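# Reading the structure
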Amino acid sequence: MQLGLIGYPIAHSLSPWIHNRLLDQHGLEGEYQLYECNAEQFPYQMEKLKSSKINGFNVTVPYKEKVIPYLDGLDEAAKFLGAVNTVKVDDGRLIGYNTDGQGYVASLLNRYDDALKPFDKVLILGSGGAARGIFYALLKQGIKKVDVANRTVEKAQQVIEDLQVQSTSEALSLQKAEENLSQYDHIIQTTSVGMAPEINRKLISLTDIGPNTIVSDIVYRPMKTSLLKEAERQGARLHYGHGMLLNQAILAFEIWTGKSTNASEMLKAFEEKLKGE
Ligand code: ATR
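In this report, we go over the structure that sits alongside the text.

### Quick look at the site of the ligand
Around the ligand there are 13 residues in total, and Ser-127, Gly-129, Asn-150, Arg-151 and Thr-152 lie nearest to it. Contact distances for the ligand include 2.9 Å between an oxygen atom and a backbone N or O atom of Gly-129. Lys-155 is positioned such that a nitrogen or oxygen atom in its side chain is 3.1 Å from an oxygen atom of the ligand. Calculation on the ligand without its partners gives an accessible area of 650 Å², and the protein chains cover 66% of this total. When each cavity is represented as a set of grid points, the ligand is found to reside in the largest pocket. Split by residue class, the shell around the ligand holds three nonpolar, seven polar and three charged.

### A short note on helix H8 (residues 226-233)
Here H8 has its buried residues at Ser-226, Leu-227, Leu-228, Glu-230 and Ala-231. Here the buried face of H8 lies against strand E10 (186-189), strand E11 (214-217) and strand E12 (237-239).

### Topic: the packing of aromatic side chains
Each pair of aromatic rings is reported with the distance of its centres and the angle of its planes. Tallying each qualifying case throughout the model produces five aromatic pairs. A ring pair is formed by Phe-42 and Tyr-63, whose centres lie 4.2 Å apart and whose planes are at 15°; its orientation type is stacked. On the criterion of sequence distance, the pair formed by Phe-42 in helix H2 (residues 42-50) and Tyr-63 in the loop between strand E3 (56-59) and strand E4 (73-74) is long-range, its members being 21 residues apart. This pair shows no difference in class: Phe-42 is buried, exactly as Tyr-63 is. Here the aromatic rings of Phe-42 and Tyr-70 are separated by 5.6 Å at their centres, their planes lie at 85°, and the arrangement is edge-to-face. Here Phe-42 is found in helix H2, whereas its partner Tyr-70 is found in the loop between E3 and E4, with 28 residues between them in sequence. Taken individually, Phe-42 and Tyr-70 each receive the classification buried, so the pair is uniform in this respect. These aromatic residues form a ring-pair network of at least three members: Phe-42, Tyr-63 and Tyr-70. The side chain of Arg-237 reaches across the aromatic face of Tyr-112, ending 4.8 Å from its centre.

### Brief notes about the pattern of salt bridges
Tallied over the entire structure, the rule returns 12 salt bridges. Residue Lys-64 pairs with Asp-100 through a salt bridge whose shortest N-O separation is 2.9 Å. Taken together, the positions of Lys-64 in the loop between E3 and E4 and Asp-100 in helix H4 (residues 100-111) put the pair 36 residues apart, joining distant regions of the chain. Of the charged contacts in the structure, one is a salt bridge between Lys-145 and Asp-147, with a shortest N-O distance of 3.2 Å.

### Re helix H1 (residues 15-25)
Each α-helix turn comprises 3.6 residues. Residues three or four places apart therefore point the same way. Three or more residues of H1 are buried, namely Ser-15, Pro-16, Ile-18, His-19, Leu-22 and Leu-23. Each buried residue of H1 lies within a common arc of 165° when the element is viewed along its axis, so the set occupies one face. On its buried face, H1 sits against strand E1 (2-7), strand E2 (31-36), E3, helix H9 (242-257) and helix H10 (263-275). Once H1 finishes, Gly-27 follows within two positions and takes phi at roughly 65°, a positive value.

### Some thoughts on the side chain of Ser-226
Summarising the element assignment, Ser-226 is placed in helix H8. Residue class for Ser-226 comes out buried when judged on its relative accessible area of 16%. Within the structure, Ser-226 has its side chain in polar contact with the backbone oxygen of Ile-199 (distance 2.7 Å). Not counting chain neighbours up to four residues away, the residues in contact with Ser-226 comprise Ile-199, Asn-200, Arg-201 and Lys-202.

### Considering the sheet that holds E3
Sheet strands pair by backbone hydrogen bonding; their relative direction is either parallel or antiparallel. Sheet architecture is open: six strands sit in the order E2-E1-E3-E5-E6-E4, paired in mixed fashion. Across the chains shown, the open sheet's two edge strands, defined by having one partner strand only, are E2 and E4. Bridge count for strand E5 (residues 86-90) against strand E6 (residues 93-97) is five bridges, and the pairing is antiparallel. Note that in E6 the partner of Lys-88 across the bridge is Ile-95.

Cut-off values and rules
Residues numbered from 1 in each chain as written. Predicted model: local features only at pLDDT ≥ 70, side-chain atom pairs only at ≥ 80, totals over all residues. Heavy atoms only, no water. Near = heavy atom within 4 Å. Polar contact = N/O pair within 3.5 Å; in protein donor to acceptor, adjacent residues only side chain to side chain. Areas by Shrake-Rupley, 256 points an atom, 1.4 Å probe, with all protein chains shown as cover. 1 Å grid on protein atoms, 1.4 Å probe; cavity = no way out; pocket = protein on both sides within 12 Å on 5 of 7 lines; lining within 4 Å. Sits in = over half its atoms within 2 Å of the grid points. Nonpolar A, V, L, I, M, F, W, Y, C, P; charged D, E, K, R; others polar. Buried < 20%, exposed > 50% of the residue type's maximum accessible area, 1.4 Å probe, protein only. Helix = DSSP H or I, 4+ residues; strand = E, 2+ residues; numbered from the N terminus. Contact = heavy atoms within 4.5 Å. Phe/Tyr/Trp six-rings, centres within 6.5 Å; stacked < 30°, edge-to-face > 60°. Lys NZ or Arg CZ within 6 Å of the ring centre and 35° of its normal. Salt bridge = Lys/Arg side-chain N within 4 Å of Asp/Glu carboxyl O. Arc of directions from axis to C-beta. Pairing = 2+ DSSP bridges.

In C-alpha coordinates form, the structure reads like this:
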(Lines give C-alpha, C1' and ligand atoms only; values in the text may rest on other atoms or scores of the structure.)
Protein backbone atom coordinates (compact mmCIF):
# COMPACT_ATOMS: atom_id res chain seq x y z
CA MET A 1 0.00 0.00 0.00
CA GLN A 2 1.44 3.33 -0.98
CA LEU A 3 -0.35 6.11 0.85
CA GLY A 4 0.37 9.74 1.64
CA LEU A 5 -0.66 13.30 2.37
CA ILE A 6 -0.49 16.39 0.20
CA GLY A 7 -0.69 19.87 1.75
CA TYR A 8 1.34 22.76 3.11
CA PRO A 9 2.70 22.94 5.77
CA ILE A 10 2.49 19.29 6.87
CA ALA A 11 5.83 18.57 8.56
CA HIS A 12 4.12 18.24 11.98
CA SER A 13 1.18 16.19 10.73
CA LEU A 14 0.04 13.27 12.88
CA SER A 15 -1.36 11.42 9.86
CA PRO A 16 1.83 9.37 9.20
CA TRP A 17 1.77 8.13 12.81
CA ILE A 18 -1.89 7.09 12.49
CA HIS A 19 -1.70 5.48 9.06
CA ASN A 20 1.60 3.67 9.56
CA ARG A 21 0.10 2.21 12.73
CA LEU A 22 -3.05 1.20 10.84
CA LEU A 23 -0.94 -0.50 8.16
CA ASP A 24 0.92 -2.39 10.88
CA GLN A 25 -2.22 -3.31 12.78
CA HIS A 26 -3.82 -4.80 9.66
CA GLY A 27 -0.63 -6.57 8.59
CA LEU A 28 -0.35 -4.59 5.35
CA GLU A 29 2.97 -3.70 3.83
CA GLY A 30 3.58 -0.18 2.66
CA GLU A 31 4.03 3.32 3.92
CA TYR A 32 2.39 6.70 4.29
CA GLN A 33 4.51 9.55 2.98
CA LEU A 34 4.35 13.32 3.14
CA TYR A 35 4.14 15.23 -0.14
CA GLU A 36 4.60 18.77 1.07
CA CYS A 37 4.40 21.31 -1.73
CA ASN A 38 3.66 24.99 -2.17
CA ALA A 39 1.02 26.40 -4.54
CA GLU A 40 3.51 26.69 -7.39
CA GLN A 41 4.62 23.05 -7.05
CA PHE A 42 1.10 21.68 -6.55
CA PRO A 43 0.15 20.98 -10.23
CA TYR A 44 3.45 19.19 -10.81
CA GLN A 45 3.10 17.19 -7.57
CA MET A 46 -0.42 16.10 -8.54
CA GLU A 47 0.76 14.93 -11.97
CA LYS A 48 3.59 13.05 -10.30
CA LEU A 49 1.19 11.36 -7.88
CA LYS A 50 -1.17 10.44 -10.73
CA SER A 51 1.57 8.65 -12.62
CA SER A 52 2.99 6.95 -9.50
CA LYS A 53 1.96 3.67 -7.89
CA ILE A 54 0.12 5.39 -5.05
CA ASN A 55 -3.11 3.69 -3.85
CA GLY A 56 -4.56 6.68 -2.07
CA PHE A 57 -3.75 9.92 -0.34
CA ASN A 58 -5.14 12.52 2.02
CA VAL A 59 -5.48 16.16 1.08
CA THR A 60 -5.21 18.96 3.61
CA VAL A 61 -4.97 22.75 3.68
CA PRO A 62 -4.69 24.63 1.39
CA TYR A 63 -5.63 22.09 -1.34
CA LYS A 64 -8.95 20.54 -0.29
CA GLU A 65 -10.79 22.52 -3.01
CA LYS A 66 -7.91 22.96 -5.48
CA VAL A 67 -7.49 19.19 -5.86
CA ILE A 68 -10.97 18.71 -7.39
CA PRO A 69 -10.08 19.52 -11.06
CA TYR A 70 -7.51 16.69 -10.97
CA LEU A 71 -10.07 14.06 -9.94
CA ASP A 72 -12.29 11.75 -12.01
CA GLY A 73 -15.17 11.53 -9.54
CA LEU A 74 -16.45 12.64 -6.12
CA ASP A 75 -18.51 10.96 -3.41
CA GLU A 76 -21.69 12.64 -2.20
CA ALA A 77 -20.12 14.51 0.74
CA ALA A 78 -17.17 15.82 -1.29
CA LYS A 79 -19.51 16.91 -4.08
CA PHE A 80 -21.86 18.68 -1.71
CA LEU A 81 -19.08 20.38 0.24
CA GLY A 82 -16.83 21.13 -2.72
CA ALA A 83 -13.89 19.87 -0.63
CA VAL A 84 -11.92 16.63 -0.55
CA ASN A 85 -9.74 15.21 2.22
CA THR A 86 -9.25 11.69 0.84
CA VAL A 87 -8.44 10.42 -2.67
CA LYS A 88 -8.62 6.79 -3.71
CA VAL A 89 -6.72 5.69 -6.81
CA ASP A 90 -8.56 2.93 -8.61
CA ASP A 91 -7.10 1.66 -11.91
CA GLY A 92 -5.69 5.12 -12.62
CA ARG A 93 -8.98 6.82 -11.75
CA LEU A 94 -8.88 9.31 -8.86
CA ILE A 95 -12.00 9.48 -6.69
CA GLY A 96 -12.39 12.18 -4.01
CA TYR A 97 -14.08 11.70 -0.64
CA ASN A 98 -14.62 13.84 2.43
CA THR A 99 -14.44 12.01 5.77
CA ASP A 100 -14.06 15.07 8.04
CA GLY A 101 -17.68 15.49 9.13
CA GLN A 102 -18.31 11.77 9.41
CA GLY A 103 -15.09 11.47 11.43
CA TYR A 104 -16.37 14.11 13.80
CA VAL A 105 -19.71 12.32 14.27
CA ALA A 106 -18.02 8.94 14.79
CA SER A 107 -15.67 10.38 17.39
CA LEU A 108 -18.52 12.09 19.23
CA LEU A 109 -20.67 8.94 19.31
CA ASN A 110 -17.68 6.89 20.49
CA ARG A 111 -17.41 9.20 23.48
CA TYR A 112 -21.11 9.89 24.20
CA ASP A 113 -23.49 7.37 22.74
CA ASP A 114 -26.51 9.46 23.80
CA ALA A 115 -25.32 12.47 21.75
CA LEU A 116 -27.04 13.66 18.58
CA LYS A 117 -30.69 13.00 19.25
CA PRO A 118 -32.86 14.38 16.42
CA PHE A 119 -34.31 17.21 18.51
CA ASP A 120 -31.05 18.32 20.07
CA LYS A 121 -30.20 21.95 19.52
CA VAL A 122 -26.66 22.28 18.25
CA LEU A 123 -24.49 25.37 17.86
CA ILE A 124 -21.47 25.43 15.55
CA LEU A 125 -18.90 28.17 16.16
CA GLY A 126 -17.05 29.15 12.97
CA SER A 127 -17.86 28.97 9.26
CA GLY A 128 -14.75 27.58 7.53
CA GLY A 129 -14.24 24.21 5.87
CA ALA A 130 -14.35 22.25 9.12
CA ALA A 131 -17.64 23.91 10.13
CA ARG A 132 -19.17 23.05 6.75
CA GLY A 133 -18.12 19.40 6.99
CA ILE A 134 -19.56 19.05 10.48
CA PHE A 135 -22.77 20.92 9.60
CA TYR A 136 -23.34 18.56 6.66
CA ALA A 137 -22.66 15.44 8.76
CA LEU A 138 -25.03 16.60 11.50
CA LEU A 139 -27.84 17.13 8.99
CA LYS A 140 -27.15 13.66 7.58
CA GLN A 141 -27.42 12.36 11.12
CA GLY A 142 -30.96 13.75 11.30
CA ILE A 143 -30.36 16.80 13.50
CA LYS A 144 -32.88 19.49 12.61
CA LYS A 145 -31.59 22.55 14.42
CA VAL A 146 -27.95 23.46 13.85
CA ASP A 147 -27.29 27.16 14.39
CA VAL A 148 -24.03 28.67 13.18
CA ALA A 149 -22.26 31.58 14.88
CA ASN A 150 -19.32 33.36 13.33
CA ARG A 151 -17.26 36.54 13.63
CA THR A 152 -18.47 37.33 10.09
CA VAL A 153 -22.20 36.57 10.29
CA GLU A 154 -22.65 36.60 6.49
CA LYS A 155 -20.37 33.57 6.24
CA ALA A 156 -22.47 31.70 8.78
CA GLN A 157 -25.57 32.56 6.76
CA GLN A 158 -23.85 31.26 3.64
CA VAL A 159 -23.07 27.89 5.27
CA ILE A 160 -26.75 27.42 6.14
CA GLU A 161 -27.95 28.53 2.69
CA ASP A 162 -25.46 26.32 0.88
CA LEU A 163 -26.00 23.17 2.89
CA GLN A 164 -29.49 23.07 4.33
CA VAL A 165 -32.34 22.49 1.94
CA GLN A 166 -35.13 23.29 4.38
CA SER A 167 -33.68 25.78 6.77
CA THR A 168 -34.59 25.63 10.44
CA SER A 169 -31.16 26.88 11.46
CA GLU A 170 -30.07 30.41 12.25
CA ALA A 171 -26.91 32.42 11.68
CA LEU A 172 -25.72 34.40 14.71
CA SER A 173 -23.00 36.77 15.77
CA LEU A 174 -20.60 35.39 18.39
CA GLN A 175 -22.01 37.84 20.91
CA LYS A 176 -25.60 36.77 20.28
CA ALA A 177 -24.55 33.13 20.58
CA GLU A 178 -22.82 33.83 23.88
CA GLU A 179 -25.97 35.43 25.26
CA ASN A 180 -28.13 32.46 24.25
CA LEU A 181 -25.90 29.54 25.12
CA SER A 182 -28.26 27.99 27.65
CA GLN A 183 -30.64 26.82 24.90
CA TYR A 184 -28.08 24.50 23.26
CA ASP A 185 -27.53 20.81 24.05
CA HIS A 186 -24.26 20.78 22.19
CA ILE A 187 -21.69 23.43 21.21
CA ILE A 188 -18.95 22.75 18.63
CA GLN A 189 -15.89 25.01 18.28
CA THR A 190 -14.50 24.64 14.75
CA THR A 191 -12.07 27.58 14.37
CA SER A 192 -8.34 27.59 15.07
CA VAL A 193 -8.77 29.97 18.02
CA GLY A 194 -7.07 28.46 21.09
CA MET A 195 -4.56 26.44 19.09
CA ALA A 196 -0.93 26.42 20.29
CA PRO A 197 0.98 28.68 20.69
CA GLU A 198 -1.93 31.03 21.52
CA ILE A 199 -3.42 28.65 24.04
CA ASN A 200 -5.04 31.27 26.27
CA ARG A 201 -7.40 32.50 23.55
CA LYS A 202 -11.07 31.59 23.58
CA LEU A 203 -13.67 32.36 20.92
CA ILE A 204 -16.52 32.94 23.38
CA SER A 205 -17.22 32.67 27.08
CA LEU A 206 -19.30 29.71 28.29
CA THR A 207 -20.77 31.31 31.43
CA ASP A 208 -24.34 30.61 30.40
CA ILE A 209 -24.21 26.98 29.25
CA GLY A 210 -26.84 24.61 30.54
CA PRO A 211 -26.08 21.52 32.66
CA ASN A 212 -25.07 18.40 30.73
CA THR A 213 -24.20 20.37 27.57
CA ILE A 214 -21.60 18.69 25.39
CA VAL A 215 -18.80 21.04 24.36
CA SER A 216 -16.59 19.93 21.45
CA ASP A 217 -13.41 21.69 20.39
CA ILE A 218 -11.81 20.46 17.18
CA VAL A 219 -8.46 22.00 18.17
CA TYR A 220 -6.20 19.16 19.43
CA ARG A 221 -2.99 21.02 20.22
CA PRO A 222 -3.42 21.47 23.18
CA MET A 223 -5.80 18.61 23.88
CA LYS A 224 -7.63 20.57 26.60
CA THR A 225 -8.09 24.05 25.15
CA SER A 226 -9.02 27.13 27.22
CA LEU A 227 -12.59 26.68 26.01
CA LEU A 228 -12.71 23.06 27.19
CA LYS A 229 -11.19 24.05 30.54
CA GLU A 230 -13.99 26.56 31.02
CA ALA A 231 -16.56 23.97 29.93
CA GLU A 232 -15.14 21.62 32.56
CA ARG A 233 -15.44 24.27 35.27
CA GLN A 234 -19.10 24.74 34.25
CA GLY A 235 -19.76 21.01 34.64
CA ALA A 236 -20.21 20.37 30.90
CA ARG A 237 -19.29 17.16 29.10
CA LEU A 238 -16.06 17.53 27.11
CA HIS A 239 -15.33 16.20 23.66
CA TYR A 240 -11.72 16.62 22.50
CA GLY A 241 -10.49 17.41 18.98
CA HIS A 242 -8.04 14.55 18.51
CA GLY A 243 -10.93 12.06 18.23
CA MET A 244 -12.09 13.68 14.99
CA LEU A 245 -8.57 13.56 13.58
CA LEU A 246 -8.27 9.87 14.39
CA ASN A 247 -11.72 8.95 13.08
CA GLN A 248 -11.44 10.83 9.77
CA ALA A 249 -8.16 8.93 9.25
CA ILE A 250 -9.72 5.56 10.11
CA LEU A 251 -12.52 6.27 7.60
CA ALA A 252 -9.97 7.23 4.91
CA PHE A 253 -8.00 4.04 5.60
CA GLU A 254 -11.19 2.02 5.20
CA ILE A 255 -11.87 3.67 1.83
CA TRP A 256 -8.36 2.72 0.63
CA THR A 257 -8.12 -0.77 2.06
CA GLY A 258 -11.64 -1.97 2.94
CA LYS A 259 -10.38 -2.60 6.49
CA SER A 260 -12.35 -1.26 9.46
CA THR A 261 -10.68 -0.40 12.75
CA ASN A 262 -11.88 -0.09 16.33
CA ALA A 263 -11.23 3.59 17.09
CA SER A 264 -11.61 3.24 20.88
CA GLU A 265 -8.65 0.86 21.08
CA MET A 266 -6.41 3.17 19.08
CA LEU A 267 -7.54 6.35 20.84
CA LYS A 268 -5.55 5.59 24.01
CA ALA A 269 -2.29 5.11 22.13
CA PHE A 270 -3.01 8.28 20.18
CA GLU A 271 -3.55 10.22 23.40
CA GLU A 272 -0.22 8.98 24.74
CA LYS A 273 1.46 10.04 21.51
CA LEU A 274 -0.07 13.54 21.78
CA LYS A 275 0.89 13.89 25.45
CA GLY A 276 4.47 12.96 24.62
CA GLU A 277 4.86 15.67 21.99
P1 ATR B 1 -10.92 25.80 8.10
O2 ATR B 1 -11.16 25.62 6.65
O3 ATR B 1 -9.67 25.15 8.62
O4 ATR B 1 -12.11 25.44 8.94
P5 ATR B 1 -10.99 28.68 7.60
O6 ATR B 1 -11.73 28.49 6.35
O7 ATR B 1 -9.75 29.49 7.58
O8 ATR B 1 -10.60 27.34 8.34
O9 ATR B 1 -12.05 29.30 8.64
C10 ATR B 1 -11.65 29.85 9.77
C11 ATR B 1 -12.85 30.10 10.69
O12 ATR B 1 -12.29 30.57 11.91
C13 ATR B 1 -13.78 31.19 10.23
O14 ATR B 1 -15.07 30.95 10.76
C15 ATR B 1 -13.17 32.44 10.86
O16 ATR B 1 -14.06 33.52 11.06
P17 ATR B 1 -14.32 34.60 9.85
O18 ATR B 1 -15.21 33.88 8.89
O19 ATR B 1 -14.99 35.74 10.51
O20 ATR B 1 -12.98 34.93 9.30
C21 ATR B 1 -12.76 31.86 12.20
N22 ATR B 1 -11.69 32.62 12.86
C23 ATR B 1 -10.38 32.54 12.62
N24 ATR B 1 -9.69 33.37 13.44
C25 ATR B 1 -10.62 33.98 14.23
C26 ATR B 1 -10.54 34.92 15.30
N27 ATR B 1 -9.38 35.42 15.71
N28 ATR B 1 -11.69 35.30 15.90
C29 ATR B 1 -12.88 34.81 15.48
N30 ATR B 1 -13.01 33.91 14.49
C31 ATR B 1 -11.90 33.49 13.86
